[in-house]
Amino acid sequence: MKSLHALFSRSALLRNLTVLGLALQVPTVHAEVDPSLAFALEGVWRIESPAVSLLSDEFDSKEQKDGVRHEARVKDTPAYITSGEEGATVEYSRKRFPATDTPWGSFPQIDLDKAQLLEMTLPKKRYLVIAGKGKGLFAINDWQRFGFLHVLDVSSRSAPVYYPLVAEAELGSRVLGRLPGSSVLNYARLVPSRWASNVEPSAYEVVLYALKPKGPEQVIENGKPLAYSLTRTGAGWKLDRIKQTPVTDARDQAHRPFTAPAVQAPAAKPAGNASPAPSQAGQ
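Rules used throughout
Residues numbered from 1 in each chain as written. Predicted model: local features only at pLDDT ≥ 70, side-chain atom pairs only at ≥ 80, totals over all residues. Heavy atoms only, no water. Buried < 20%, exposed > 50% of the residue type's maximum accessible area, 1.4 Å probe, protein only. Helix = DSSP H or I, 4+ residues; strand = E, 2+ residues; numbered from the N terminus. Pairing = 2+ DSSP bridges. Axes fitted to C-alpha atoms, helices over the stretch in contact; angles between N-to-C directions. Contact = heavy atoms within 4.5 Å. Salt bridge = Lys/Arg side-chain N within 4 Å of Asp/Glu carboxyl O.

With seven of seven residues buried, strand β11 (residues 147-153) is to be regarded as a mostly interior element. Where burial is concerned, the two faces of β11 agree: the one with G147, L149, V151 and D153 and the one with F148, H150 and L152 are both buried. As judged from the seven bridges shared by strand β10 (residues 125-133) and β11, these two strands associate in the antiparallel manner. Directly across from I130, in β11, lies its bridge partner H150. Sheet topology places β11 next to strand β12 (residues 161-167); seven bridges connect them, and they run antiparallel. Directly across from F148, in β12, lies its bridge partner V166.

Put into structure tokens, the structure is as follows:
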């Protein structure tokens with residue numbers, strides 16, 4: 001299949017290089033991201049992108065009756081509340097959302113010492129994102145490649161919509177973007193489809209979702225889910241359109257939306273236990 005890199009205009013390539021360069025200069029919890037993989041993923045979004053601002057990379061912690069409340073020193077932003085060793089909720093505008101028991105399976109508590117609060121905006125849309133790495137199992141070995149995104153659509157302050165999402169390959173918030181013509185934020189879900197070693201994926205299936213009011217919905221184009229492959233080629237990565245996602249489908253059928261690594265230690269419990277049902281809605 002012909003690589004989509006051949007379809008990019010010179011201006012789009014320059015824009016992607018600029019975006020990637022700026023992203024790598026900003027203090028980030030995703031410091032070990034493969035720059036060539038991040039650049040290849042930019043091809044999914046093409047010439048459109050949300051405006052992204054880093055609001056804070058520091059959270060103040062305060063003990064309260066039901067746990068520990070973590071907040072950035074920025075007005076009108078969400079709080080991340082931890083309870084015990086595993087529980088967590090996200091609170092915004094006096095509404096609380098479960099942050100560890102999610103449609104994608106069990107999420108860990110995130111490490112607030114290394115987390116970021118981001119703002120992403122589209123025409124008529126505003127999103128706040130708490131992005132970070134997980135604690136416990138997700139802070140060791142190959143599990144560290146996962147990031148966790150707690151996304152809130154706060155376009156209507158009185159009716160926020162919450163999306164817990166997982167990011168592969170150290171990509172963090174780079175899995176969020178905007179597809180051409182989309183009126184909402186989009187999410188690129190990466191699933192390893194081939195491995196160079198027990199801990200190093202050499203190819204991914206990429207399924208695109210739209211963050212709709214009822215939850216993430218697969219983007220449908222010409223009657224088929226919109227999907228890509230990312231394949232390592234030498235020192236870089238190649239992006240191609242694909243019509244089928246057999247590895248992703250098999251993982252969802254097994255109720256394991258995300259997992260690491262290819263060969264797991266006996267004590268490693270697979271992450272995830274459920275999957276959002278694909279929707280026929282478009283982007």
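Once you've had a look at it, read on.
Further remarks concern the sheet that holds strand β4 (residues 79-83). Reading across from one edge, β2-β3-β4-β5-β6 is the order of the five strands in this open sheet, with antiparallel pairing throughout. Looking at the sheet topology across the chains shown, the edges are occupied by β2 (60-64) and β6 (95-98). Averaged over neighbouring strand pairs, the angle between their axes works out to 25 degrees when direction is ignored. Two strands pair when backbone bridges link them, and strand β3 (residues 67-71) and β4 are joined in this way by four bridges, in the antiparallel orientation. From the neighbouring strand, E71 faces β4, where its bridge partner is A79.

This paragraph deals with the environment of E86. Summarising the element assignment, E86 is placed in the loop between β4 and β5 (87-92). Overall, the relative accessible area of 63% leaves E86 in the exposed class. Considered as a pair, E86 and G136 are 50 residues apart in the sequence and their alpha carbons are 9.0 Å apart. Beyond its immediate stretch of four places on either side in the chain, E86 contacts T100 and Q109.

Residues other than glycine seldom take positive phi values, yet S93 does so here, at roughly 50 degrees. One non-glycine residue, E170, adopts positive backbone phi at about 65 degrees. If you trace the backbone, E170 turns up in the loop between β12 and β13 (176-177).

A few words now on helix α2 (residues 35-45). Within α2, nine of the eleven residues are buried, which leaves it mostly tucked inside the rest of the structure. Backbone geometry just after α2 places R46 at a positive phi near 55 degrees.

Next up on the list: the pattern of salt bridges. All told, the structure shown has 17 salt bridges when counted by the stated rule. Note that D66 is salt-bridged to R96, the shortest N-O span being 2.5 Å. Here the residue D66 occupies a position in the loop between β2 and β3, and R96 occupies one in strand β6, the gap between them amounting to 30 residues. Residue D66 is classed as partly exposed on the basis of its relative accessible area, which comes to 36%. The residue E71 makes a salt bridge to R69 at a minimum N-O spacing of 3.3 Å. The exposure class of E71 is partly exposed, given its relative accessible area of 33%.

This paragraph deals with the sheet that holds β11. Spatial strand order, β1-β9-β10-β11-β12: five strands in an open sheet with antiparallel pairing. Every interior strand has two partners, whereas the edge strands, β1 (51-56) and β12, have only one. The average undirected angle you get between the axes of adjacent strands in this sheet is 25 degrees. Where β1 and strand β9 (residues 116-122) come together, five bridges link them in antiparallel fashion. In the strand pairing of β9, L54 is matched with L118.

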